[in-house]
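Spelled out from the first residue to the last, the chains are:
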Amino acid sequence: MRRYLKVIIFVALTAILAACATFYQKTFQVQSNIAQGNFEKADRLLANDTQWAENNHRVLYYMNRGVVSYMMGEYQQSINFLNQADYYIEDYTKQFGWEALSLVSNPMVKPYRPEDFEAIMIHFYKALNFLALKDLEGALVEARRINIRLNQLNDKYKDHKNKYQRDAFAHNLMGMIYEAAADYNNAFIAYRNSFEAYENDYADLFGLRAPDQLKEDLLRAAKLSGLKEELYFYEEKFEMQAPEIQTDTSGELLVFWLNGMGPVKSEWDITITNFGFSNNLVHLGNPQLGLNYSYHSANLSQREKIAFKNLSFFSVAFPKYVERPPVYNTGYISYNDTIHTFEEAEDINQIAFQCLRDRMVRELGNTLLRVATKRALEELANNENENLGTIVSIVNALTEKADTRNWQSLPHTIYYTRIPLPEGPHLLDLHFSGKNSSTKQIEVDIVNGKTSFYTFHTMNTSAF
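The rules behind each value
As a convention, each chain's residues are numbered from 1 in the sequence order in which they are written. Totals for whole chains, interfaces and linings use all residues, but because this is a predicted model, local features are given only for residues with pLDDT of at least 70 and pairs of side-chain atoms are given and counted only at 80 or more. Heavy atoms from the whole structure form the basis of all side-chain values; hydrogens and water molecules are not counted. For every residue, the pLDDT score states the predictor's confidence, bounded by 0 at the bottom and 100 at the top. The secondary structure listing takes helices from DSSP runs of H or I that are at least 4 residues long and strands from runs of E that are at least 2 residues long, numbered from the N terminus. The contact criterion used throughout is that any non-hydrogen atoms of two residues lie within 4.5 Å. Bend angle per residue: angle between axes fitted to the 7 residues ending at that residue and the 7 residues starting there. Working definition: with a 1.4 Å probe on protein chains only, accessible area under 20% of the residue-type maximum means buried, over 50% means exposed, and in between means partly exposed. For two strands to be treated as a pair, DSSP must find no fewer than two bridges joining them. Here an axis means a line fitted to C-alpha atoms, over the contact stretch when the element is a helix, while the angle between two N-to-C directions is reported on a 0 to 180 degree scale. Definition used in this section: a nonpolar core is a set of buried Ala, Val, Leu, Ile, Met, Phe, Trp, Tyr and Cys residues joined via side-chain atoms within 4.5 Å.

## Focus: the confidence of the model for the protein chain
Averaged over all residues, the pLDDT of the protein chain is 84; the fraction at 70 or higher stands at 80%. At the level of individual helices and strands, the protein chain shows its lowest average pLDDT in helix H5 (residues 96-104), which scores 44, and its highest in strand E8 (residues 343-347), which scores 98. Residue range residues 17-22 is modelled with pLDDT below 50. Its contacts to residues more than four positions away, or to other chains, number four contacts. With pLDDT under 50 throughout, residues 93-105 is counted as low confidence; its partners more than four residues away or in other chains account for 28 contacts.

Right, dumping it as structure tokens:
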């Protein structure tokens with residue numbers, strides 16, 4: 001038995017220390033270059049890192065390669081990398097060897113399974129790539145897949161489904177693409193779905209209501225579709241008149257502003273109190289956090305029962321997000337003495353926090369099981385040999401870590417604006433303000449009767 005315990009200790013320590021060192025070292029180098037806009041250097045670091053492409057963090061590897069390629073303008077390459085990340089998500093299956101090892105160490109030894117919103121953002125970036133390639137159909141497929149994937153994810157959760165079940169911006173994006181393809185009826189449906197998601201979901205969850213631009217687009221799509229009753233209904237509801245339909249030699253530009261950088265994962269220790277056994281159940285919880293969990297004692301071995309009975313409280317490590325506040329919080333585009341203000345459309349930072357809160361409720365049981373197994377092993381070791389028990393106790397303390405991996409190159413918030421422009425090339429000034437202010441200039445080429453798309457990412461963040 002002593003030899004068995006020593007083997008477990010050695011394997012657990014080796015696995016967790018190797019996983020942590022490799023991931024954090026590589027992430028720091030790549031992410032610091034991404035944050036500074038050094039995309040070519042970040043790309044070289046990723047390309048030269050063959051180990052990261054094969055180890056337990058490979059999904060994150062391809063996610064980061066996809067974003068870096070997109071920022072470099074390598075749109076098809078970005079799609080290829082994101083497809084690879086999507087493949088590994090779809091192919092994700094539990095590997096029981098890693099599951100068993102994680103019980104005596106921590107979840108970092110397992111292949112990384114992205115947070116639900118991270119899986120969604122793969123399709124958002126693929127849609128941006130297709131738009132940059134002027135492939136409206138490809139972009140539309142990815143926009144549709146956002147809500148399809150959300151439905152698939154929530155269907156897996158019999159209880160405690162995500163509160164983030166509809167993506168308002170995805171429906172909005174679908175509407176933009178349908179309208180750009182002159183499919184006004186489907187554009188109206190998508191815009192309407194987006195408006196309902198903002199008002200029924202986002203307003204309560206994230207304090208974010210439907211942008212005024214969305215309301216204008218919904219009215220215009222209803223007007224172009226000849227939906228008179230719907231047009232009248234929404235004009236009354238919005239207290240707005242449908243915009244005039246452009247008939248001159250002009251086109252439109254939709255600009256997406258990706259602002260800041262998304263949150264990073266850290267960890268926190270949750271103190272769990274053992275309220276004892278009753279009716280063959282062991283009751284655990286944290287009253288301050290409103291956490292209560294009951295575990296059937298029939299699933300516990302006799303030694304695990306002893307471990308629990310001798311334990312009044314213990315700590316479990318769980319991941320938490322740390323926000324990276326963006327430097328800018330407002331922006332607008334100026335052109336020929338006109339101003340077009342960016343409106344907030346998606347708060348990725350808040351979605352991340354909400355998804356993790358929902359996951360915490362779902363996974364607390366597995367987390368407690370992991371700690372219970374480690375405690376039982378510690379109790380067993382103490383019975384065998386006091387010195388060995390001390391070693392196991394130290395290993396438990398060292399390896400009680402949360403899985404702090406995450407896709408760090410995502411934006412904090414997405415804004416957008418729509419601008420009518422004459423046909424031909426144009427120079428536009430982008431103005432950003434907040435803790436600091438900045439002005440950037442972009443060049444666009446407008447085609448008569450067409451909608452063009454442009455994306456700009458400001459990565460500046462405040463200290464956190």
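## Observations concerning helix H9 (residues 184-206)
At Tyr 198, H9 is deflected by roughly 35°, the largest bend along its length. Looking only at H9, the buried set comprises Ala 187, Phe 188, Ala 190, Tyr 191, Ser 194, Phe 195, Ala 197, Tyr 198, Asp 201, Tyr 202, Ala 203 and Phe 206. At the C-terminal side of H9, Gly 207 shows a positive phi close to 65°.

## A word on the pairing of strand E11 (residues 437-446)
Both strand E10 (residues 424-434) and E11 contribute to a ladder of ten bridges, which runs antiparallel. Directly across from Ser 433, in E11, lies its bridge partner Ser 437. Between E10 and E11, which pair antiparallel and follow one another directly, the connecting turn spans two residues.

## Things to note about the sheet that holds strand E3 (residues 281-286)
The strand order E4-E3-E2-E5 describes an open sheet built from four strands, whose pairing is antiparallel. Since the sheet does not close on itself, it has two edges, and those belong to strand E4 (291-296) and strand E5 (313-322), each with one partner. Averaged over all pairs of adjacent strands, the angle between strand axes in this sheet comes to 30°, irrespective of strand direction. Where strand E2 (residues 264-278) and E5 come together, ten bridges link them in antiparallel fashion. Of the residues in E5, the one forming a bridge with Lys 265 is Tyr 321.

## Notes on the nonpolar core
One finds Phe 117, Phe 124, Tyr 125 and Trp 407 to be the most contacted residues of the largest nonpolar core, which totals 99 residues. Of all the elements, helix H6 (residues 116-132) adds the most residues to this core, at eleven residues. In terms of nonpolar packing, the next biggest core, distinct from the first, is built from 18 residues, Val 255, Trp 257, Val 327 and Val 444 among them.

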